[in-house]
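# Commentary on secondary and tertiary structure
Letter by letter, the chains look like this.
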Amino acid sequence: MRILTVGGGGREHAAVEALFRSGAEIYSVMRNVNPGIIGRAKKYKIVDEKRIDDICEFAIEHDINYAFIGPEAPLEVGLVDALENIGVKCAAPTKAAARIETSKAFMRELVSKHNIDGNLKYASFNNASDAEKYIRAQASEIVVKPIGLTGGKGVKVQGEHLHNHEETMAYVREVLSVSSMGGVIIEEKAVGEEFTQMVFVDGKHIAPMPLVQDHKRAYEGDVGPNTGGMGSYSDANHLLPFVPEEARKKSLAILQQIVNAMSAEGCPYVGPMYGQFMLTKNGPKIIEINARFGDPEAMNVLPILETGFFSIIKDMVSGKLKDDIKFKPLATVCKYIVPIGYGTSPQSGHEISVNEKGVSECGAEMFYANVDMVDGKLLTGTSRAIGLVGIGATIEEAEQRCESALKFISGSGICVRHDIGKRSLIQKRVDHMKSL
Ligand code: AMP
Ligand code: GLY
């Protein structure tokens, strides 16, 4: 059976490895030359991931049966609808179902209409004066977000990125001035610690993956601009040191309610679903729902997936997802190697040298992301370059393995957040949770 994979990042490389392990024959399309994916694919094509016609042509040419789609951009333009039309079964949401991510207003309205737990107070606007009246009337701090997709970088939080009313309004106007952002949404600011709960979905049922915590801020100590995620960790018991079982159960119940609501609205959801939650003193609150695996979070969970990923994909598309999907009881720590300046003005085109054997001897896995091969050289792009995942019995062991493996990757134009997965940073999260 042949599967098409779409995307050339670290998440997609991790998916391709999991598919390869489970015996799938892989055909890939991506924008950049990802050496990890190419090494596993029978055939590949370098193409923009939103070029629906080119991708469908590739699928027809190679008689593809199934598709896995990593990034959100092709979902937003309807790649799944087009592939399904030519008989390719997709473990990913249609354009209508992907609105759960591509429109933050759609997500909040759905959650509110169906009385789903964990919603935050919100309102969306198309003009600055209405937004200003609303903002002035709020008693506590707010968050300003573009309604549409921004690669995880368009959110600004009062008290963190926005320090007074003027800065808040300047950002509201900036968002409104860019029509592709689709308007602005103002949300109540949730206070607590964030975690990611991803699930597989077959239109009706969900099957959970281990919890993961991502690190959005560009610099050590959780400061600097928001990024797509600098690294992440997961624990051997599949919870997190600051998330008890009961909170996890609540977040799973919320995701199940969302899946039910989407089915009731006539846009059933199929594929991996990503729930970003803030654990507050009043339980988990929804920060965002994404229509795909998280990146880097996919690199934490897929290497420890015991059940065959290809069979999960087949079960998702046939509506027969089993609830006994198994992950190894191991901890993982992922650190993303990024180009210098990532988060503000990334510098691309720097050479990276990699000793793959050295990395694997450390008990780590390596996933290529936004890199390119040019004249036999591995070069950085403008986004995250390589995800390195240490795997071990404890977070501490996984973190040490990741750090040892980092020594086998070098280059003058790259940097990494060493603090991710370290005991001191995790303790800070546990203490913060206790203080609420
Ligand atoms: P998003 O792209 O919606 O995940 O937002 C990026 C980051 O902004 C999140 O990971 C949070 O750290 C922060 N954020 C987003 N929405 C809220 C909210 N309502 N309250 C507090 N922080 C938020
Ligand atoms: N790690 C955040 C995301 O994939 O959206």
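Look above for the structure.
Residues numbered from 1 in each chain as written. Chains lettered and ligands numbered in written order. Predicted model: local features only at pLDDT ≥ 70, side-chain atom pairs only at ≥ 80, totals over all residues. Heavy atoms only, no water.

Our focus in this paragraph is the sheet that holds strand E11 (residues 206–208). Read from one edge of the open sheet, four strands run E11-E10-E16-E17, paired in antiparallel fashion. Each edge of the sheet is formed by a strand with only one pairing partner; in this case those strands are E11 and strand E17 (283–290). Between one strand and the next, the sheet's axes are offset by a mean angle of 35 degrees, whatever the strand orientation. Across the sheet, helix H12 (residues 309–317) lies against strand E10 (193–202) and strand E16 (270–280), angled at about 70 degrees from E10, the strand it touches most. (Pairing = 2+ DSSP bridges. Helix = DSSP H or I, 4+ residues; strand = E, 2+ residues; numbered from the N terminus. Axes fitted to C-alpha atoms, helices over the stretch in contact; angles between N-to-C directions. Contact = heavy atoms within 4.5 Å.)

Another aspect to go through is the site of ligand 1. Neighbouring ligand 1 are 15 residues; Lys 145, Glu 188, Ala 190, Glu 194 and Glu 288 lie closest to it. One of the side-chain N or O atoms of Lys 145 is found 3.0 Å from a nitrogen atom in ligand 1. Compared with its free state, where it exposes 470 Å², ligand 1 has 95% of that area covered by protein. Put simply, the parts of the chain that give the shell around ligand 1 at least two residues each are strand E7 (142–146), strand E9 (184–188) and E17. Grouping the constituent residues of the shell around ligand 1 by class yields six nonpolar, one polar and eight charged. (Near = heavy atom within 4 Å. Polar contact = N/O pair within 3.5 Å; in protein donor to acceptor, adjacent residues only side chain to side chain. Areas by Shrake-Rupley, 256 points an atom, 1.4 Å probe, with all protein chains shown as cover. Nonpolar A, V, L, I, M, F, W, Y, C, P; charged D, E, K, R; others polar.)

A separate point is unusual backbone geometry. The omega angle of the peptide bond from Asp 295 to Pro 296 is 25 degrees, so this bond is cis rather than trans. Position of Pro 296 relative to the elements: it lies in the loop between E17 and helix H11 (297–301). A positive phi is found at Asp 63, a non-glycine position, where the angle reads about 55 degrees. Following the sequence through the fold, Asp 63 ends up in the loop between helix H3 (52–61) and strand E4 (66–69). For Asp 63, a relative accessible area of 56% puts it in the exposed group. (Buried < 20%, exposed > 50% of the residue type's maximum accessible area, 1.4 Å probe, protein only.)

This part covers the sheet that holds strand E1 (residues 2–6). If you walk across this open sheet you meet the five strands as E3-E2-E1-E4-E5, and the pairing is parallel. Across the chains shown, the open sheet's two edge strands, defined by having one partner strand only, are strand E3 (43–46) and strand E5 (89–90). Sheet analysis places E4 next to E5, joined by two bridges and oriented parallel. In the strand pairing of E5, Ala 67 is matched with Cys 90. Contacts from H12 reach E1, E4 and E5 within the one sheet, and its direction differs from that of E4 by about 100 degrees.

Turning to H12, its buried residues are Phe 309, Phe 310, Ile 312, Ile 313, Asp 315 and Met 316. In this fold, the buried residues of H12 make contact with E1, helix H1 (10–21), E4, E10 and E16. In the stretch just after H12, Gly 319 is the one whose phi turns positive, near 70 degrees.

This part covers the site of ligand 2. Near ligand 2 the following residues occur: Asp 214, Lys 216, Gly 228, Tyr 274, Asn 290, Arg 292, Gly 294, Asp 295, Pro 296 and Glu 297. One of the side-chain nitrogen or oxygen atoms of Glu 297 is found 2.8 Å away from a nitrogen atom of ligand 2. Protein coverage of the free-state accessible area of ligand 2, which is 200 Å², stands at 93%.

All right, on to the side chain of Lys 285 then. Structurally, Lys 285 can be placed in strand E17. Here Lys 285 sits buried without a salt bridge, and the closest side chain of opposite charge, Glu 188, lies 6.5 Å off (N-O distance). Residues contacting Lys 285, with those up to four places away along its chain left out, are Gly 118, Asn 119, Leu 120, Gln 276, Phe 277, Met 278 and Thr 280. (Lys, Arg positive; Asp, Glu negative; His and termini not counted. Salt bridge = Lys/Arg side-chain N within 4 Å of Asp/Glu carboxyl O.)

This paragraph deals with the packing of aromatic side chains. In this description, an aromatic ring pair is defined by two values, namely the gap between the centres and the angle between the planes. All told, the structure shown has eight aromatic pairs when counted by the stated rule. For the ring pair Phe 195 and Phe 277, a centre distance of 5.5 Å and an interplane angle of 20 degrees mean the geometry is stacked. Note that Phe 195 is positioned in strand E10 and Phe 277 in strand E16, a separation of 82 residues in sequence. Of the two residues, Phe 195 and Phe 277, neither departs from the other in class, the shared state being buried. By way of ring pairs, the aromatic residues Phe 68, Phe 200, Phe 293 and Phe 309 are connected into one cluster. Sitting above the plane of the Tyr 171 ring, Lys 156 keeps its charged end 4.6 Å from the centroid. The lysine or arginine in question, Arg 292, covers the ring of Tyr 274, its NZ or CZ lying 5.9 Å from the ring centre. (Phe/Tyr/Trp six-rings, centres within 6.5 Å; stacked < 30°, edge-to-face > 60°. Lys NZ or Arg CZ within 6 Å of the ring centre and 35° of its normal.)

Before going further, it helps to examine the environment of Phe 200. Within the fold, Phe 200 resides in strand E10. Its relative accessible area of 0% is what places Phe 200 among the buried residues. Taking the C-alpha atoms as reference points, Phe 200 and Val 270, 70 residues apart in sequence, are found 7.9 Å from one another.

Should the charged atoms of two oppositely charged side chains come close, the side chains can pair. In the structure shown here, the tally under the stated rule is 31 salt bridges. The salt bridge partner of Glu 132 is Arg 173, with a shortest N-O separation of 4.0 Å. Residue Glu 132 is located in helix H8 (residues 128–136), and its partner Arg 173 is located in helix H9 (residues 165–177); the two are separated by 41 residues in the primary sequence. A single salt-bridge network, built from bridges that share partners, covers Glu 193, Asp 222, Arg 417, Asp 419 and Arg 429.

What follows deals with the environment of Gly 283. Counting through the fold element by element, Gly 283 comes out in strand E17. Classification of Gly 283 by relative accessible area gives buried; the value is 11%. Taking the C-alpha atoms as reference points, Gly 283 and Lys 250, 33 residues apart in sequence, are found 7.9 Å from one another.

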